[in-house]
Amino acid sequence: MRNLFAFLAGGLFGAGLFVSGMTDTHKVQGWLDIFGDWDPTLAFVMGGAILPMAIAWRVAEKRRYALTGDAMPPAPEPKLGRNLVVGSVLFGMGWGLVGLCPGPAIASLSYGGMEGLVFLGAMVAGMSAMPGLRTWLDRPAAAQ
């Protein structure tokens, strides 16, 4: 049952990315180009994602078990820290420079050509390097 829900959710997510234009790097970069040829259409995509998610979180708060029978995970701690800020900045820089984030990058592999493969390789390299980098960043500073 869990795999079925994952398959359905992934398929719906991928279809939404394609229909909304989130796999089109020019559309995404147009959204970020607020001082140039700005394309505001992705604001509707984001709004269309935020509203159902806000409702889903409200419903999930009241449930003890998911539809798959698993226990509901605890809500994340709403704490702003160094890791969240650095991660957000790196994600935003990559998204702005290339016009893709991980979901649309994978979805665009079927028609993205060599650029899509290069982005996927860079993304996998970054994800592979992160555990070691995280250990290095989180180690205590040496006393002076």
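Residues numbered from 1 in each chain as written. Predicted model: local features only at pLDDT ≥ 70, side-chain atom pairs only at ≥ 80, totals over all residues. Heavy atoms only, no water.

What follows covers the environment of G94. Following the sequence through the fold, G94 ends up in helix α4 (residues 82-98). For the pair G94 and V118, spaced 24 residues apart in sequence, the C-alpha separation works out to 13 Å. When neighbours within four sequence positions are excluded, G94 is seen to be in contact with G99 and L100. (Helix = DSSP H or I, 4+ residues; strand = E, 2+ residues; numbered from the N terminus. Contact = heavy atoms within 4.5 Å.)

A word on the packing of aromatic side chains. Two aromatic rings, taken as a pair, are described by how far apart their centres are and by the angle between their planes. Summed over the entire model, instances satisfying the criterion amount to 1 aromatic pair. Between the aromatic rings of W31 and W38, the centroid separation amounts to 5.9 Å while the plane-to-plane angle is 35°, which identifies the pairing as tilted. Among the residues examined, W31 registers a relative accessible area of 18% and is labelled buried. For W38, a relative accessible area of 41% gives the class partly exposed. (Phe/Tyr/Trp six-rings, centres within 6.5 Å; stacked < 30°, edge-to-face > 60°. Buried < 20%, exposed > 50% of the residue type's maximum accessible area, 1.4 Å probe, protein only.)

Turning our attention to the nonpolar core. Counting 7 residues, the largest nonpolar core consists of L17, M22, V28, W31, L42, W95 and C101. Aside from chain neighbours lying at most four places away, what touches W95 is M22, V28, W31, L32, M46, L100 and C101. (Core = buried A, V, L, I, M, F, W, Y, C linked by side-chain atoms within 4.5 Å.)

This part covers the packing of α4 against helix α6 (residues 113-138). As a packed pair, α4 and α6 sit with axes 13 Å apart at the nearest point and diverge in direction by 165°. Here α6 runs roughly antiparallel to α4, going by the angle between their axes. Along this stretch, α4 crosses α6, giving a crossing that reads as right-handed. Facing α4, whose interface residues are R82, N83 and V98, α6 presents F119, R134, L137 and D138. Across the contact of α4 with α6, the residue classes tally to 3 nonpolar, 1 polar and 3 charged. (Axes fitted to C-alpha atoms, helices over the stretch in contact; angles between N-to-C directions. Parallel < 35°, antiparallel > 145°, perpendicular 65-115°, else oblique. Left-handed = near helix turned anticlockwise from the far one by under 90°. Nonpolar A, V, L, I, M, F, W, Y, C, P; charged D, E, K, R; others polar.)

Moving on to the side chain of S20. If you trace the backbone, S20 turns up in helix α1 (residues 2-20). Judged by its relative accessible area of 17%, S20 is buried. A polar atom in the side chain of S20 sits 3.2 Å from the backbone oxygen of L17. In contact with S20, not counting residues within four places along its chain, are K27, L42 and V45. (Polar contact = N/O pair within 3.5 Å; in protein donor to acceptor, adjacent residues only side chain to side chain.)

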